[in-house]
Amino acid sequence: MGGRLFDIAPGSRLTGTLRVPGDKSISHRAVMFASIASGTSRISGFLESADCLATLSAFEAMGVTHSLDGETRVINGRGRDGLKAPASALDLGNSGTSMRLLSGLMVGQAFDSTLTGDAGLSRRPMKRVIDPLTQMGAAIEGSEGGRAPLHIRGGQALSAIEYTPPVASAQIKSCVLLAGLYANGQTRVNEPGISRDHTERMLSAFGIDVERGNRHVAIAGGQRLEAANVAVPSDLSSAAFFMVGAAIAPGSELRLREVGINPTRRGVIDVLLRMGADIELDNEREQAGEPVADIIVRGSALHGVEIDAHDVELAIDECPALFVAAACADGTTRLTGGGELRVKESDRIAVMAQGLTTLGVALEETEDGIIITGNPHAQAFGGGHIASHEDHRIAMSFAMAGLRASQPIVIDDCDYVDTSFPGFVDLAARAGLGIRSRSVS
Ligand code: S3P
């Protein structure tokens, strides 16, 4: 990838009614669980993004057939033990979720497999899944420093473990639980903090008995998944860019339709509310085991807040967008306990600090966070060239900064936006952002 820039014209507002694409985390899980279930599952609202399509291709390479019925993905499950050995390495592109969750599934198979990814994914830490899987008896090896590619030798007898991950992470939790489906005994994950619970919810929908306590999840090995239909809500992590955009741009009024507001994910809503954002949830309801609502956001004056480790857990992917809001707020915003932000698609503390500094924002980077001195004036940002470091969420966060900028902003490496949010440019332009995508050779 590489080669597409965003040109953002300064100063505008966001209005109208939008439906952002389907939830990335839920789409990944829907494909995985449908593939190892018995019977045919239908997934509506599936996110047709590069990351989720990488997951789909991986299962296709293991013999799973699927089709499109209108906009519904129809997956013909092969049953718990029905996957076939892939002819070559499974290439998971840029997707950490695909690699970490799949590693848990692959160690339970009778055949060998290799999981690879692009340069960005190959820099991300995989020891966090290699360690618990090895404890379960899996034969899994990473390369230097516990990175991808991951080589997995199948056909190992797995034993259940009780595991407390070193950090709160839905990817680690899900990986261990999926391996637990193939293990002898009951596998239990104790959570050191809150992480998204889509795996637990969706495994139940696919007929798995999941024990859930205050801070633990457990499943017994040997259970079989039955096909289910999944209605994927709009992704709160994608909606977050528009929420921040509407919140910081005076005169904005945006309705974001049918967005997932799972309590383990809703930190961005609560932090923005604490900052004084004008946000309303309308038409709250449950859709296929996940809470959804329309989110209405109007422009308003924001003020700085403290964002602690608990907030970070609940808004792990939304922090870059929140930094843009903080830069427009009156007063200081201090984020602490955000060490995990440094091992996402990029080091999101360093990369945001670099870009915000380019735009003239006063800030101080700390080891596990950032202190941002907001500028509540109409033009909170200058302009300039932003390096997105091949991180989709960095690119989209800085696109929204244009709403309060005095000069044009150019953002590089925007192809990566397609990993989570195909159609972002058109949707943002429709809402009123002055955004153009430009190819450079
Ligand atoms: C995800 C979990 C989070 C999140 C990622 C998607 C998931 O990662 O950052 O974008 O789908 O399980 P961690 O669980 O590693 O924090």
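All of these numbers come straight from a predicted model, not from anything done at the bench. (Residues numbered from 1 in each chain as written. Predicted model: local features only at pLDDT ≥ 70, side-chain atom pairs only at ≥ 80, totals over all residues. Heavy atoms only, no water.)

Caption draft 1: Structural detail: the overall build of the protein chain. Of the regular secondary structure elements, the protein chain holds 14 helices and 27 strands. Taken over the C-alpha trace, the protein chain has a radius of gyration of 21 Å; the compact-globule value for 441 residues is 22 Å, and the two agree within 12%. The dimensions of the protein chain, computed from C-alpha atoms along their principal axes, are 60 × 50 × 45 Å. Of all 441 residues assigned to the protein chain, the portion counted as buried reaches 59%. For the protein chain, restricting intrachain contacts to residue pairs at least 6 apart in sequence, the fraction spanning at least 24 positions comes to 76%. Of the accessible surface of the protein chain, which amounts to about 15,100 Å², a share of 46% is contributed by carbon and sulfur atoms. Within the protein chain, the 53 negative side-chain charges are centred at a point lying 2 Å from the centre of the 40 positive side-chain charges. (Helix = DSSP H or I, 4+ residues; strand = E, 2+ residues; numbered from the N terminus. Rg over C-alpha atoms; globule rule 2.2 N^0.38 Å. Buried < 20%, exposed > 50% of the residue type's maximum accessible area, 1.4 Å probe, protein only. Contact = heavy atoms within 4.5 Å. Areas by Shrake-Rupley, 256 points an atom, 1.4 Å probe, with all protein chains shown as cover. Lys, Arg positive; Asp, Glu negative; His and termini not counted. Charge placed at Lys NZ, Arg CZ, Asp CG, Glu CD.)

Caption draft 2: Structural detail: the sheet that holds strand β18 (residues 253-260). Across the sheet, which stays open at both edges, the 4 strands sit in the order β2-β18-β20-β19 with mixed pairing between neighbours. A single partner strand is all that each edge strand has here, and the edge strands are β2 (15-18) and β19 (278-287). Shown here is a sheet whose adjacent strand axes are inclined to one another by a mean of 15°, direction ignored. Taken together, the 8 bridges between β19 and strand β20 (residues 290-298) define a ladder with antiparallel strand orientation. Across the sheet, Asp278 pairs through a bridge with Arg298, a residue of β20. Helix-sheet contacts for helix α14 (residues 424-431) involve β2 and β18, and the interaxial angle to β2 is about 140°. (Pairing = 2+ DSSP bridges. Axes fitted to C-alpha atoms, helices over the stretch in contact; angles between N-to-C directions.)

Caption draft 3: Geometry of the layout of surface pockets. The space that makes up the largest pocket amounts to roughly 540 Å³. What lines the largest pocket is a set of 39 residues, among which Ala168, Arg196, Ile316, Asp317 and Lys344 lie closest to the centre. Of all the secondary-structure elements, those providing two or more residues to the lining of the largest pocket are α1 (24-35), α3 (96-106), α6 (170-180) and α10 (309-314). Two domains each donate at least three residues to the lining of the largest pocket, and these are domain 1 (3-22 + 233-440) and domain 2 (24-231). Approximately 290 Å³ is the volume found for the second largest pocket. Taken together, 16 residues form the lining of the second largest pocket, with Pro21, Gly22, Gly45, Phe46 and Glu71 sitting closest to its centre. (1 Å grid on protein atoms, 1.4 Å probe; cavity = no way out; pocket = protein on both sides within 12 Å on 5 of 7 lines; lining within 4 Å. Points joined across faces, edges and corners; volume = space filled by probe spheres on them. Domains from an automatic or database assignment.)

Caption draft 4: Structural context of the environment of Gly374. Within the secondary structure layout, Gly374 lies in the loop between β24 (369-373) and β25 (384-386). Sequence spacing of Gly374 and Phe323 is 51 residues, and the spatial spacing of their C-alpha atoms is 9.5 Å.

Caption draft 5: Here's a closer look at the site of the ligand. Taken together, Ser25, Arg29, Thr97, Ser169, Ala170, Gln171, Arg196, Ile316, Asp317 and Lys344 are the residues near the ligand. At 3.0 Å from an oxygen atom of the ligand is found a main-chain nitrogen or oxygen belonging to Gln171. At 2.6 Å from an oxygen atom of the ligand is found a side-chain nitrogen or oxygen belonging to Asp317. Judged by its atoms lying within 2 Å of the grid points, the ligand is housed in the largest pocket. Counting residues per element, the ones that place at least two in the shell around the ligand are α1 and α6. Two domains each provide a minimum of three residues to the shell around the ligand, namely domain 1 (3-22 + 233-440) and domain 2 (24-231). (Near = heavy atom within 4 Å. Polar contact = N/O pair within 3.5 Å; in protein donor to acceptor, adjacent residues only side chain to side chain. Sits in = over half its atoms within 2 Å of the grid points.)

Caption draft 6: Broad picture of helix α13 (residues 392-401). With 10 of 10 residues buried, α13 is to be regarded as a mostly interior element. Restricting attention to buried positions, one finds in α13 the residues His392, Arg393, Ile394, Ala395, Met396, Ser397, Phe398, Ala399, Met400 and Ala401.

Caption draft 7: Inspection of the nonpolar core at higher detail. Within the largest apolar cluster, 81 residues are counted, with the highest numbers of intra-cluster contacts made by Phe242, Leu256, Leu272, Ile295, Phe381, Ile411 and Phe424. Among residues more than four places away in sequence, those in contact with Leu272 are Met243, Val244, Ala277, Ile279, Leu322 and Ala325. (Core = buried A, V, L, I, M, F, W, Y, C linked by side-chain atoms within 4.5 Å.)

Caption draft 8: Here's a closer look at the domain arrangement of the protein chain. Domains assigned within the protein chain are domain 1 (3-22 + 233-440) and domain 2 (24-231). Look at where the C-alpha atoms of domain 1 and domain 2 centre, and you get two points 29 Å apart. Contact with domain 1, which involves 30 residues of that partner, is made by 26 residues of domain 2. Carbon and sulfur atoms make up 48% of the area that domain 1 and domain 2 hide from each other, which totals about 2,300 Å². Across the domain 1-domain 2 interface, the total number found is 3 salt bridges. (Buried area = accessible area lost by both parts, 1.4 Å probe. Salt bridge = Lys/Arg side-chain N within 4 Å of Asp/Glu carboxyl O.)

Caption draft 9: Layout of α6. By the criterion of burial, α6 is predominantly enclosed, with 11 of the 11 residues buried. What α6 keeps buried is the set Ala170, Gln171, Ile172, Lys173, Ser174, Cys175, Val176, Leu177, Leu178, Ala179 and Gly180.

Caption draft 10: Structural view of empty space enclosed by the protein. Under the counting rule described, the total for this entry stands at 1 cavity of 30 Å³ or more. Its boundaries defined by the atoms lining it, the largest cavity holds a volume of some 50 Å³. Lining the largest cavity, in full, are Asp23, Ile26, His198, Pro233, Leu236, Gly260, Ile261, Asn262, Arg265, Glu290 and Pro291.

Caption draft 11: Layout of the sheet that holds strand β21 (residues 306-307). The strand order across the open sheet formed by 4 strands is β21-β22-β24-β23, and the pairing between neighbours is mixed. Only two strands of the sheet have a single neighbouring strand rather than two, namely β21 and β23 (362-366). By the bridge criterion, 4 bridges tie strand β22 (residues 332-335) to β24 in an arrangement that is antiparallel. Paired with Thr333 across the strands is Ile372, a residue of β24. Against the sheet, helix α11 (residues 319-327) touches β22 and β24, its axis set at about 25° to β24.

Caption draft 12: The arrangement of the side chain of Asp415 in detail. Summarising the element assignment, Asp415 is placed in the loop between β26 (409-411) and α14. Looking at Asp415, the relative accessible area reads 16%, which means it is buried. A polar contact of 2.9 Å, which involves the side chain of Asp415, links it to the backbone nitrogen of Arg4.

Caption draft 13: Just the pairing of β18, in detail. Sheet topology note: the β2/β18 ladder contains 4 bridges and is parallel. In the sheet register, Leu18 faces β18, and the bridge partner there is Leu256. Two strands pair when backbone bridges link them, and β18 and β20 are joined in this way by 6 bridges, in the antiparallel orientation. Its bridge partner lying in β20, Leu254 is registered against Val297.

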